[in-house]
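# A closer look at the structure
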Amino acid sequence: MRYFSHIPNELLDRAKPIRMLVTDLDGVLTDGGIILDDNGMEYKSFQVKDGQILRYLRDATIQVGVLSGRDVAVSKIRCEQMNVDFHRHGLTDKWGALSEILSDKGILPAEVAYIGDDLIDLDLLQRVGFSAAPADAMPYILDKVDYVCRKGGGKGVFREVADLILYAQGKLPGLLSENSRLDPTGTNPTKNE
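No experiment lies behind these values; they were computed from the predicted model shown. (Residues numbered from 1 in each chain as written. Predicted model: local features only at pLDDT ≥ 70, side-chain atom pairs only at ≥ 80, totals over all residues. Heavy atoms only, no water.)

Once that is clear, we can look at the sheet that holds strand β5 (residues 86–88). The sheet built from 6 strands is open, its strands ordered β5-β4-β1-β6-β7-β8 with parallel pairing. Lying at the two open borders of the sheet, with one neighbouring strand each, are β5 and β8 (147–148). In this structure, strand β4 (residues 63–67) lies alongside β5, joined through 3 bridges in parallel fashion. Bridge pairing in β5 places V66 opposite H87. Relative to strand β1 (residues 20–23), helix α5 (residues 94–105) is tilted by about 160 degrees, and along the sheet it contacts β1, β4, β5 and β6 (112–115). (Pairing = 2+ DSSP bridges. Helix = DSSP H or I, 4+ residues; strand = E, 2+ residues; numbered from the N terminus. Contact = heavy atoms within 4.5 Å. Axes fitted to C-alpha atoms, helices over the stretch in contact; angles between N-to-C directions.)

Quick look at the structure:
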């Protein structure tokens, strides 16, 4: 599969035991920008492709969580819409929060993948089994992660890492064939355009 031709086998091996995918929010699920209106209302833009893969992660028994340093209503709303397994906001110690969650769920740090982009994520990125960052993360973060995404924050980074994990575990090819609507002749009988 060309999509993953740039990934070395040792990195795929690191992704095989992953049972939980956790992500930062600002700078990963978003581009890190904040839009404020005259009343101080905050707006953010999210990539729908990130949310689309959640069902398939769940089917693969991979739990999903969000850990955010900011405590903002719109972020909580998006996490609820995505129906993630857990989300915590306003954190200063993300590793402490995740440690409690892992203890409750019986999951080891080596079975966790984490996506982060800045200093608040650094400790956690160095403690998990698989770490990733958006292409536009801070340079000192890029130097510390296992995988640097091809995409920048808010552009489908979560989806890229989720696809990589599913591919490493041998589950993505099955999803592709299950969801293909092509008939044997290569035409799409359901396409109405």
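Membership of the largest hydrophobic core comes to 36 residues, with the highest contact counts inside it found for L21, L57, F130 and F158. Looking at this core, the elements that each hand over two or more residues are α1 (9–15), α3 (54–59), β4, α4 (73–82), β6, β7 (130–133) and α8 (157–168). Looking at which element gives the most residues to this core, the answer is α8, with 8 residues. Discounting residues that sit within four places of it in the chain, L21 has contacts with L57, I62, Q63, V64, G65, A113, I115, F158, V161, A162 and I165. If you look at the next biggest cluster of nonpolar residues, it comprises 21 residues, including M20, I101, A133 and A137. (Core = buried A, V, L, I, M, F, W, Y, C linked by side-chain atoms within 4.5 Å. Buried < 20%, exposed > 50% of the residue type's maximum accessible area, 1.4 Å probe, protein only.)

Keep in mind these values describe shape, not function.
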